[in-house]
Amino acid sequence: MTAHVGVPQAQAIPDPWSLPLDTLDVSAGELWQSGVLHDYLKRLRHEDPVHWSPTGPTGPYWSVTRFNDIVAVDSNHGVFSSDRDIVVGDQPEDFAILNFIASDPPVHDVQRKSVTPAVAPARLADLEELMRRRTGEVLDSLPLDETFDWVDRVSIELTTQFLATLFDFPWEDRRLLPFWSDMTTANETAGNTTMNEEERRGILMECHAYFSRLWKERAAAPPKFDFLSLLAHNTDTRDMIDNPMEFLGNILLLVVGGNDTTRNSMTGGVLFMHQFPEEMAKLKANPALVTNLPSEMVRFQSPVAHMRRTALQDTEIGGKAIRKGERVVMWYCSGNRDEEVIPDADRFIIDRPRARHHVAFGFGIHRCMGNRAAELQLRVLWEEILKRFDRIEVVGEPERNLSNFILGYTKLPVRLHAKV
């Protein structure tokens, strides 16, 4: 596989302000991996907030980069469709997975409603004690004053444990979940040009086979509150197993949704506290700020960089004429740095007023159904960190993944310093 035309390579990415504006294509996964994506998006916000790029992975697309324009698009599903494709590029026709986030009503509404009880407030309240105990066990297993990888030992492990609980997934195999999550987003339409597509598809079909076995077990057992049981026993979704691409698509949606947002915000939060030590000092002086902290971490990280829609009719965004059938990409990570809506948007501020006023979870009918679960995991983590450690020292540069869709980390070397 080769990068699409116009993608700057990681070893020689130019300064965005030096390029002709009409050549700017922010869909290259190398931009995030190299730490310059926000610079590219800032130029678009300032100079061309609704920007036409002719060189997207599978064709031209519009970039929407300002907060209010993103909200306008995301809340108007009657004009901007989610059907089938939600990333910059189109899925290949011979392996197009289907799921409710990539569907319009009524399919979206019916399928989403079937699994929502797994992350409803009452259910999360029941799970908080278990989450706290497991978080404490993971933190207590970490070495003091020794370098280790926070991503693997904490972020992946904690989110995987919680996701395994939501699926009632075999505990000994739980690390398959982040592996399958990474495979789901490791494709060229999401800016990853390194993965062999045939190998990727084979891995995802192994995921399909594994979950098919679990589905049959849940369908034959009394209903419970895990994702699979809810789908298998709901009259509107119990036949989903008969459509392989729809079944696989919804399983992968729940895996990615339950993994990437929290996992990468857990890592980003540690990095931000290191980069903005005054904020860690605030938290230690006033631990009650931990309730505001998750929203600011999610905003500042914006782990889901974008969502794409397709125009169902001729329309207008920010003074630009959008034609029926054109791709419209909402850059959530840019909206969350929009200085006209969020003061000091490039600063991480844990006591920020109206911290939940961000678009990291999307907006409208597709707003992330697990947003409260993500906030809960982050809050519990930092409450338990404050009990044990004086600070978490980042001792090396973070390694970022290659993607234009999931803004994540593959490694973050840290050292823990005990609370005195």
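Computed from a predicted structure; not experimentally measured.

Draft legend 1. How the structure looks around the overall build of the chain. For the chain, the count of helices and strands is 14 helices and 12 strands. On C-alpha atoms alone, the chain measures out to a radius of gyration of 21 Å, which is about the 22 Å that the 2.2 N^0.38 rule sets for 420 residues. Once the C-alpha set of the chain is aligned to its principal axes, its extents read approximately 60 × 55 × 40 Å. Relative to its 420 residues, the chain shows a buried fraction of 59%. Contacts in the chain between residues at least 24 apart in sequence constitute 70% of all its contacts with a sequence separation of at least 6. Summing over all exposed atoms, the chain offers an accessible surface of approximately 16,800 Å²; the carbon and sulfur share of this is 52%. In the chain, the 46 positive side-chain charges and the 61 negative ones have mean positions that sit 4 Å from each other.

Draft legend 2. Examining the confidence of the model for the chain more closely. The share of residues in the chain with pLDDT of 70 or more is 97%, and the mean pLDDT across the chain is 94. Overall, residues 1-10 carries pLDDT values under 50, and its contacts beyond four positions in sequence, including any with other chains, amount to 27 contacts.

Draft legend 3. Examining the sheet that holds strand β12 (residues 413-418) more closely. Read across the open sheet, the three strands follow the order β4-β12-β9; overall the sheet is antiparallel. In the strand order of this sheet, the two ends are held by β4 (148-149) and β9 (389-394), each with one partner. The pairing of β9 with β12 spans five bridges and is classified as antiparallel. Residue Val394 lies in a different strand from β12, and its bridge partner there is Val414.

Draft legend 4. A look at the pairing of strand β5 (residues 306-311). By the criterion of burial, β5 is predominantly enclosed, with six of the six residues buried. Here β5 shows a buried face lined by His306, Arg308 and Thr310 and a second buried face lined by Met307, Arg309 and Ala311. Pairing analysis gives two bridges linking strand β3 (residues 80-81) to β5, with the strands arranged antiparallel. The residue bridging Phe80 from the neighbouring strand is Ala311, located in β5. Both β5 and strand β8 (residues 327-331) contribute to a ladder of five bridges, which runs antiparallel.

Draft legend 5. Broad picture of helix α6 (residues 150-167). Between its first and last C-alpha, α6 extends 24 Å over 18 residues, near the 26 Å set by a 1.5 Å rise per residue. Where α6 bends most, at Ile156, the angle is about 30°. Taking burial as the measure, the 18 residues of α6 include 16 buried ones, the bulk of the element. One side-chain oxygen of the residue at the start of α6 lies 3.1 Å from the amide nitrogen of Val151, identifying that residue as Asp149. Of the residues one or two after α6, Asp168 is the one with positive phi, at around 50°.

Draft legend 6. Geometry of the pattern of salt bridges. As enumerated under the stated definition, the model contains 36 salt bridges in all. For Glu128, the salt bridge is made with Arg132, and the minimal N-O distance between the two is 3.0 Å. Linking Glu128 with Arg132, this pair stays in helix α5 (residues 121-140), spanning four residues, or about one helical turn. On the basis of relative accessible area, Glu128 is assigned to the partly exposed category, the value being 21%. Across the salt bridge formed by Asp182 and Arg263, the nearest N and O atoms sit 3.3 Å from each other. Of this pair, Asp182 sits in helix α7 (residues 176-185) while Arg263 sits in helix α10 (residues 244-275), and the two are 81 residues apart along the sequence.

Draft legend 7. Representation of unusual backbone geometry in the model. A cis amide bond links Pro105 with the next residue in sequence, Pro106, at an omega value of 5°. Following the sequence through the fold, Pro106 ends up in the loop between β3 and α4 (107-115). If you check the backbone angles, Asp145 has positive phi at about 60° while not being a glycine. Checked against the element boundaries, Asp145 lands in the loop between α5 and β4.

Draft legend 8. View of the packing of aromatic side chains. Considering all chains together, one arrives at 17 aromatic pairs under this definition. Ring centres of Trp180 and Tyr210 lie 5.6 Å apart, and the angle between their planes is 65°; this geometry places the pair in the edge-to-face category. Of this pair, Trp180 sits in helix α7 while Tyr210 sits in helix α8 (residues 197-220), placing them 30 residues apart in sequence. Under the relative-accessibility criterion, Tyr210 is labelled buried at 13%.

Draft legend 9. Geometry of the environment of Met245. Along the chain, Met245 falls in helix α10. Put simply, Met245 and Lys224 are 21 residues apart on the chain and 24 Å apart in space, counted from C-alpha to C-alpha. When sequence neighbours within four positions are dropped, the list of residues in contact with Met245 reads Phe95, Ala96, Ile97, Leu98 and Met205.

Draft legend 10. Examining the environment of Gly78 more closely. Mapping Gly78 onto the fold places it in the loop between α3 (67-74) and β3. Relative accessible area serves as the criterion here: at 48%, Gly78 is assigned to the partly exposed category. In the structure, Gly78 is positioned 234 residues away from Leu312 in sequence and 7.7 Å away in space, judged by C-alpha atoms.

Draft legend 11. Examining the nonpolar core more closely. The biggest cluster of nonpolar side chains holds 72 residues, and the ones touching the most others in it are Phe167, Phe169, Phe211 and Phe227. With residues up to four places along the chain from it excluded, the contact list for Phe169 reads Ala164, Arg174, Leu177, Trp180, Tyr210, Phe211 and Leu214. Grouped together as the second largest cluster of nonpolar side chains are 57 residues, Leu44, Leu271, Val329 and Phe389 included.

Rules behind the numbers
- Residues numbered from 1 in each chain as written.
- Predicted model: local features only at pLDDT ≥ 70, side-chain atom pairs only at ≥ 80, totals over all residues.
- Heavy atoms only, no water.
- Helix = DSSP H or I, 4+ residues; strand = E, 2+ residues; numbered from the N terminus.
- Rg over C-alpha atoms; globule rule 2.2 N^0.38 Å.
- Buried < 20%, exposed > 50% of the residue type's maximum accessible area, 1.4 Å probe, protein only.
- Contact = heavy atoms within 4.5 Å.
- Areas by Shrake-Rupley, 256 points an atom, 1.4 Å probe, with all protein chains shown as cover.
- Lys, Arg positive; Asp, Glu negative; His and termini not counted.
- Charge placed at Lys NZ, Arg CZ, Asp CG, Glu CD.
- pLDDT = per-residue confidence, 0-100.
- Pairing = 2+ DSSP bridges.
- Expected span 1.5 Å × (residues − 1).
- Bend = angle between axes of the 7 residues up to and from the residue.
- Polar contact = N/O pair within 3.5 Å; in protein donor to acceptor, adjacent residues only side chain to side chain.
- Salt bridge = Lys/Arg side-chain N within 4 Å of Asp/Glu carboxyl O.
- Phe/Tyr/Trp six-rings, centres within 6.5 Å; stacked < 30°, edge-to-face > 60°.
- Core = buried A, V, L, I, M, F, W, Y, C linked by side-chain atoms within 4.5 Å.

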